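So you can see what is in the structure, the chains are spelled out below.
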Amino acid sequence: MQFSHILVICAVGVVCMAQTQRPEVSDTALDDALNDKRFIQRQLKCALGEGPCDPIGKRLKTLAPLVLRGACPQCTPQETQQIQRTLSYVQRNYPQQWTKIVRQYSG
């Protein structure tokens, strides 16, 4: 898996890898990851408990409740903006999975 894909779904988790010393993700890398449909599908399946999780998916499961409530205290302003972008992308392009994610993680 390419590094550009590693941080995409921290929200759907795409952006936050570890609580300390996490590498910055460029907007270009985020765009590349969002355009990789197989990568997105794997991360969504993980988040929904419908498939295995890699480290990104595990991180997603940890951060999803925080992000969906509008707070990610360990995220930088850039990461927060990228998370919001990612969430908007998932809402527009994967509406069924988005509905499931919201149901699963918002409560």
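Reading the values: rules and limits
Residues numbered from 1 in each chain as written. Predicted model: local features only at pLDDT ≥ 70, side-chain atom pairs only at ≥ 80, totals over all residues. Heavy atoms only, no water. Phe/Tyr/Trp six-rings, centres within 6.5 Å; stacked < 30°, edge-to-face > 60°. pLDDT = per-residue confidence, 0-100. Helix = DSSP H or I, 4+ residues; strand = E, 2+ residues; numbered from the N terminus. Contact = heavy atoms within 4.5 Å. Salt bridge = Lys/Arg side-chain N within 4 Å of Asp/Glu carboxyl O. Buried < 20%, exposed > 50% of the residue type's maximum accessible area, 1.4 Å probe, protein only. Arc of directions from axis to C-beta. Expected span 1.5 Å × (residues − 1).

All chains considered together, the criterion is met by one aromatic pair. Arranged with centres 6.3 Å apart and planes meeting at 50°, the rings of Tyr-89 and Tyr-94 form a pair that is tilted.

Mean pLDDT over the chain works out to 77, with 78% of the residues at or above the 70 mark. The least confident element of the chain is helix H1 (residues 3–6), whose mean pLDDT is 34; the most confident is helix H3 (residues 37–47), at 92. Considering only residues more than four positions removed or in separate chains, one finds that residues 1–12, a stretch of pLDDT under 50, has 52 contacts. Within the model, pLDDT remains below 50 along residues 14–20, and this stretch shows 28 contacts once partners closer than five positions in the same chain are excluded.

It is worth spelling out the pattern of salt bridges at this point. Under the counting rule described, the total for this entry stands at three salt bridges. As a salt-bridge pair, Arg-85 and Asp-31 come within 2.0 Å of each other at their nearest N and O atoms. Of this pair, Arg-85 sits in helix H5 (residues 77–93) while Asp-31 sits in helix H2 (residues 27–34), and the two are 54 residues apart along the sequence. The shortest N-O distance in the salt bridge between Lys-100 and Glu-50 comes to 3.4 Å. Of the two residues, Lys-100 sits in helix H6 (residues 95–105) while Glu-50 sits in the loop between H3 and helix H4 (55–68), which places them 50 residues apart along the sequence. One salt-bridge network, in which partners are shared between bridges, spans Asp-27, Asp-31 and Arg-85.

Within the sequence span of H2, burial applies to Ala-29, Leu-30, Ala-33 and Leu-34. Taken around the axis of H2, the buried residues stretch over an arc of 135°, which confines them to a single face.

Over its 17 residues, H5 extends 24 Å from the first C-alpha to the last, a length consistent with the 24 Å expected when each residue adds 1.5 Å. What H5 keeps buried is the set Glu-79, Gln-82, Ile-83, Thr-86, Leu-87, Tyr-89 and Val-90. Along the long axis of H5, the arc covered by the buried residues comes to 160°, so they all point the same way. H5 presents Pro-77 and Arg-92 as exposed residues on the side facing more than 90 degrees away from its buried surface. In this fold, the buried residues of H5 make contact with H2, H3, H4 and H6.

Counting through the fold element by element, Lys-58 comes out in helix H4. With 15 residues separating them in the primary sequence, Lys-58 and Gln-43 have C-alpha atoms 9.1 Å apart. Not counting residues within four places of it along the chain, the set of residues in contact with Lys-58 comprises Cys-46 and Cys-53.

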